[in-house]
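An overview of the molecular structure
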Amino acid sequence: MKTTAERMIAEAVQPIAGNAQLREKLIDIRRSYEQVMDTGSKDKVISGEYSKDAADRARAQTQSFRQFIEDHKDEITALQVLYSQPRGGGLAYTDIKELAQTIKQPPHRWTPEALWQAYETLDASKVKGSGHRVNTDLVSLVRHTLGHTNELVAYPDLVDERFEFWLHQQQTLGRHFTDDQTAYLHLIKEHIAASLTVAPADLQNPPFSTYGGLGRARQLFGNDLNPLLEELTLALAA
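Residues numbered from 1 in each chain as written. Predicted model: local features only at pLDDT ≥ 70, side-chain atom pairs only at ≥ 80, totals over all residues. Heavy atoms only, no water.

The next thing to look at is the packing of aromatic side chains. As enumerated under the stated definition, the model contains 6 aromatic pairs in all. When the centroid spacing of 5.7 Å and the interplanar angle of 25° are considered together, the rings of Trp166 and Phe177 count as stacked. Residue Trp166 is located in helix α8 (residues 155-172), and its partner Phe177 is located in the loop between α8 and α9 (179-195); the two are separated by 11 residues in the primary sequence. What links up through ring pairs into an aromatic cluster is the set Phe65, Phe68 and Trp110. Note that Lys73 overlies the ring of Tyr83, its terminal NZ or CZ placed 5.2 Å from the centroid. (Phe/Tyr/Trp six-rings, centres within 6.5 Å; stacked < 30°, edge-to-face > 60°. Helix = DSSP H or I, 4+ residues; strand = E, 2+ residues; numbered from the N terminus. Lys NZ or Arg CZ within 6 Å of the ring centre and 35° of its normal.)

The structure is reproduced here in structure tokens:
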């Protein structure tokens, strides 16, 4: 049994042991997630004044991000769309995820949080929306970096604003929703804020499944469901 176990282990690790390129790739992936945590030292405030060094670093980072967009606008789908279309319609979440994965690789190691903080350091009055950053915030970051917007607004906040405008527009047109329908519409809005689009298949997954899923949506909206999802994606998304 011992001999057999050793042989099986050797066979199992062979795809890695015999592939130098794969080993290097695994090391690069590990490095991209590594964080050095200093638990022994304590930070001490040395000055509460404006830091020119911090501003210079933030400016260099945002300028580098701008150059990255210029250099890769024809290679990365999300940049192609956002560069050519100020509103950025037609993006899929896979496009934004690809961009997020690309920019966090060496040498840049950028994240939505780091880029957001750089803009806050330069001019906090033009940065709207605090809290946990999401990948879809890259839509706002790219558009702001390209000069399409004067303010940097968190993407979920933009979706909230558009949703409230859409609801008001529906009331003006004489289209009213019940409380149950409105609650489900809010779930759809939150999904779009995180994923850019929504389709019937999405309604079978959490959090929709907790509220009856696709079946409940069809009960609430009937034959209007599919056109409604398309309409909301068009009205709220990038």
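Let's pick the thread back up.
The step from Pro106 to Pro107 runs through a cis peptide bond, and the omega angle for that step is 10°. Counting through the fold element by element, Pro107 comes out in the loop between α5 (93-103) and α6 (112-122). The step from Pro206 to Pro207 runs through a cis peptide bond, and the omega angle for that step is 0°. Of note, Pro207 is situated in the loop between α9 and α10 (213-221). In this model, Arg109 sits at a positive phi of 60°, which is unusual for a non-glycine residue.

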